[in-house]
Amino acid sequence: MVQKGATEFWVVSCVSSGGRPGADIALALHGDEELQRQDGTNSDTQTSSVVLPATVYEGRNITCAFDHPKFTHPVTRLTTLPSFRLSAARLLHSEVGSNSDDARATEPLELQEGRTDVVIGLHVTGNVPHYNVTCKKEDGPLPDGVELFGSSLTLQGPLELQHAGLYECFFSYHHVKANLTFRVAVKPQLVLPVPPTIRVDLRTEDGHRLIECSAADTVQAASSVSWLLPEGVSGVSWFNFTSLNGSHSVREVLLLPACSPWVLTAQCVINHPALEEPVNRSITLPLCGMFDKSGGGSFSRPEITINSSTEWTDGEEFTKVHCSVESVAPAATIRWHVGDVNSTISFPSATEIRPDGSVRVRSSAPVMPSLCSGQNVTCTVQHPSLGAPENRTIQILLNKAPLLTVSLVRQQESSLWLAVCDYRGGGVGPDLAWVLAEYVKGQTSLHSEHEGCAIKARVTYQFPLALHEGQDLTCVYRFEHGVTTKKTIHIPRYNISSVRVLNHTTPLQNRYASETITHRLALGGNHCNQRVLLRVESNVPEYILVCERSDGALVQMEGDAMVFSPLTERDEGLYSCRASFYHHAATVHIQVEVTSEDKQLALAAVICISSASAITLILVVTLWVCCKGHSRYQYEKKESLAGLTSLIQGPGSPEVKKSAVAENKSEEYAQMVSYSIVVDIKSTV
């Protein structure tokens, strides 16, 4: 048998060994069904096999036929595949009354209540390769704590009465099935008397002592709980009984006064069936005193505290000294005296009864610091638990001059400056303000608080720097009697005069004025980390320096330097660098040009060619003008002489006229022939 996945198969093989030649093997079922064979040959062995599903061919006969030349007739061998079965199932447990093979166990399986890890084995006989097991209890699922592991039922426990009942388990392998029914009986445990847990507690509530005596965690309730008190002592008591999950508790509470003038012992008596004789528990209450809150269980002296505060009434400053006493009843008595005077002073007292039975008394004595400055004020406490009165002393502090400070703050997340004025000293209330003109519209805020006997106040004023630059701001505190104290702070005056370029540049002047409007800067191309160094001329503590190109693109900055990495021809253009501090600002314009060796050679060639062309043009024009003038002079000479001849005809001899003309002709003709040659060459080179 072999298993493929979740299905079992029979492998039937017909084997022939020895003989020459090999035998012919035929394998067939009884019937007409054909089988798919797997033939194999190994040396002198021949094998023919077939794989059949185990459950489909259960009980079928298979015949192997062998044929060989030495055989007079074919030889056959017959085999029958097994039929699966499951016979009777039974329990395997030490407490089973009979291990019979009946499917239904007649005797119950008795188990003791409270047991844990009980394992019940489920055994079934048969020839199946494996089987599945499922169990239930009285037509329902298995109860909590009962689980099926393999072919065993495990009761993890503790075993309870609910686990008793009829269980039925089913065994199956495909169509082969068997079942087993058995009953589980749970024997209850014997309940033995358990002595109670006895406890006595003491607590204080509403001025009384509560003594609690309890007998808890018992199966049977205590028969009685009672108190035994000393002669002459009586108290109120009440009884309480509770039961939870079979556990019973009895509680007896005794109520006594919180304070007793003598030592008192109370005794609790408990009777219970599990006890051979009554059990006594006693508790002793000490004399009157304050119960120690540290948890030590002892009693301590009254707690006395003294402190002071400052108050103003009708413009007068008073120091109030407070004395507080916490003790058990009765309430303590508080008296006062000032300085070295032996006479005492009484002031009203307030009494408070706490939930724990303690009493708190508080008294306050008003003292004028101007009259009692530097003196001691003493609180005297009297209480029955004290052998003698106790004193607590506090000294009235000397009056200190008020402290007024001013400061200036530059706010990080706001464009406004903040003027801060702090006051610390005495007074009725905060009368602190900045002295501002009526037209000033600033934002002010005032905050004050009491710090012990003094007043702590702060007034702030937010303003733009341009509003008060170079001016003084004054803070004033006005006392209730008209006296004022003030403090002044100066607002610095800042300026940013210019932004200078430290690199070598060529200034480009304004055509209408002598000022430089742009700095021309030539940088070599294809070089990394080229910097344009800037320096801001100012007296400001810090400034913001931003550079951008004319198209709005920002430039990388490192400190006060523009960085080009790498520099290409696309970086050419007009740049503007602006340094600012609040409303102060200065700007410089830089025309960045990128040069290279090829570009410089081409520029030099253009300049040379242009200069040569201009000189050649001037020479040509000059020669043309000269030639033109000479020919025109010869022509005009003849014309002028003809006109002059007609003009000078008149009385006189021709010889005189001729001589006059001959004498003056050189000067006159020189004036008539005059030329102006203007050559205007415009270039951007």
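Thresholds, definitions, all that
- Residues numbered from 1 in each chain as written.
- Predicted model: local features only at pLDDT ≥ 70, side-chain atom pairs only at ≥ 80, totals over all residues.
- Heavy atoms only, no water.
- Helix = DSSP H or I, 4+ residues; strand = E, 2+ residues; numbered from the N terminus.
- Buried < 20%, exposed > 50% of the residue type's maximum accessible area, 1.4 Å probe, protein only.
- Contact = heavy atoms within 4.5 Å.
- Areas by Shrake-Rupley, 256 points an atom, 1.4 Å probe, with all protein chains shown as cover.
- Disulfide = S-S within 2.5 Å.
- Core = buried A, V, L, I, M, F, W, Y, C linked by side-chain atoms within 4.5 Å.
- Pairing = 2+ DSSP bridges.
- Axes fitted to C-alpha atoms, helices over the stretch in contact; angles between N-to-C directions.
- Salt bridge = Lys/Arg side-chain N within 4 Å of Asp/Glu carboxyl O.
- Phe/Tyr/Trp six-rings, centres within 6.5 Å; stacked < 30°, edge-to-face > 60°.
- Polar contact = N/O pair within 3.5 Å; in protein donor to acceptor, adjacent residues only side chain to side chain.

Summing up its helical and strand segments, the protein has four helices and 46 strands in all. Taking all 685 residues of the protein together, 30% fall into the buried category. Pairs at least 24 residues apart make up 59% of the contacts formed inside the protein by residues separated by at least 6 positions. In the structure as shown, the protein presents an accessible area of about 42200 Å², 52% of it carried by carbon and sulfur atoms.

This part is about the state of the cysteines. Scanning the entire structure with this criterion turns up six disulfides. The disulfide that involves C14 links it to C64, with 1.5 Å between the sulfurs. Across the disulfide from C14 to C64, rotation about the S-S bond amounts to roughly -55°, and the bridge is consequently left-handed. Separated by 50 residues along the polypeptide, C14 in strand β2 (residues 7-17) and C64 in strand β6 (residues 61-67) bring together distant segments of the chain. The buried category is assigned to C64, whose relative accessible area is 6%. Each disulfide pairs two cysteine sulfurs, and for C323 the partner residue is C379, the sulfurs being separated by 2.0 Å. Here C323 and C379 share a disulfide; its torsion about the S-S bond, -65°, makes the bridge left-handed. Of this pair, C323 sits in strand β26 (residues 316-328) while C379 sits in strand β30 (residues 376-382); the two residues are 56 residues apart in sequence, bridging distant segments of the chain. Under the relative-accessibility criterion, C379 is labelled buried at 0%. C627 carries a free sulfur, and the closest cysteine sulfur to it, the one in C626, is 6.8 Å from it. For C627, a relative accessible area of 56% translates into the label exposed.

Membership of the largest hydrophobic core comes to 43 residues, with the highest contact counts inside it found for L432, W434, V532, L534, M562 and I590. Here the element with the most residues in this core is strand β46 (residues 584-595); it accounts for five residues. Setting aside anything within four residues of it in sequence, one finds I590 in contact with V501, T518, H519, L521, V532, L534, M562, G573, L574, Y575 and C577. With 42 residues, the next largest nonpolar core counts V12, L29, L122 and F182 among its residues.

A separate point is the sheet that holds β30. Spatially, three strands are ordered β27-β30-β31 in an open sheet, and the strand pairing comes out antiparallel. Single-partner strands in this sheet number two, and they are β27 (333-338) and β31 (390-395). Geometrically, the sheet is characterised by an average inter-axis angle of 20° between neighbouring strands, direction not taken into account. As paired elements, β27 and β30 share six bridges and run antiparallel to each other. Looking across to β30, one finds that I334 is bridged to V381.

Bringing the sheet that holds strand β14 (residues 165-173) into the picture now. The strand order β9-β15-β14-β11 describes an open sheet built from four strands, whose pairing is mixed. Two strands bound the open sheet, and with one partner strand each, they are β9 (109-112) and β11 (132-137). Across the sheet, the axes of successive neighbouring strands diverge by a mean angle of 30°, strand direction being ignored. The pairing of β14 with strand β15 (residues 176-187) spans nine bridges and is antiparallel. Residue F170 lies in a different strand from β15, and its bridge partner there is N179.

This next bit is on the pattern of salt bridges. Should the charged atoms of two oppositely charged side chains come close, the side chains can pair. For the coordinates displayed, the defined rule picks out 13 salt bridges. K136 is the partner of D139 in a salt bridge, and the nearest nitrogen-oxygen pair spans 3.3 Å. With a relative accessible area of 71%, D139 lands in the exposed category. Judged by its relative accessible area of 26%, K136 falls in the partly exposed class. With a shortest N-O distance of 3.7 Å, E537 and R500 are connected by a salt bridge. Here R500 lies in strand β39 (residues 496-501) and E537 lies in strand β42 (residues 530-538), a separation of 37 residues in the sequence. Residue class for E537 comes out partly exposed when judged on its relative accessible area of 26%. Taken together, the salt bridges that share partners define one network made up of R203, E212 and R251.

Right, let's talk about the pairing of strand β13 (residues 152-155) for a bit. Looking along a regular strand, one sees the side chains alternate between the two faces of the sheet. In terms of strand pairing, strand β10 (residues 118-126) meets β13 through four bridges, oriented antiparallel. The residue bridging G121 from the neighbouring strand is S152, located in β13. Relative to β13, strand β12 (residues 146-149) is paired through four bridges, and the arrangement is antiparallel. Looking across to β13, one finds that E147 is bridged to T154. The antiparallel pairing of β12 with β13 creates a hairpin that spans two residues between the two strands, and G150 there sits at a positive phi of about 65°.

Our focus in this paragraph is the packing of aromatic side chains. In total, this model carries 11 aromatic pairs according to the counting rule given. Ring centres 5.1 Å apart and planes at 65° place the aromatic pair Y494 and F581 in the edge-to-face group. In this pair, Y494 is assigned in the loop between β38 (484-490) and β39 and F581 in strand β45 (residues 573-581), connecting sequence segments 87 residues apart. On the accessibility criterion, Y494 (12% relative accessible area) is buried.

Topologically, E8 is positioned in strand β2. A distance of 2.7 Å separates polar atoms of two side chains, one belonging to E8 and the other to H130. Those residues in contact with E8, other than ones at most four positions away along the chain, are M1, V2, Q3, P53, A54, P129, H130, Y173 and H174.

On to unusual backbone geometry. Within the chain, E138 stands out as a residue other than glycine whose phi angle is a positive 50°. The phi dihedral of Y582 is positive, around 55°, even though this residue is not glycine. Y582 sits in the partly exposed class, given a relative accessible area of 30%.

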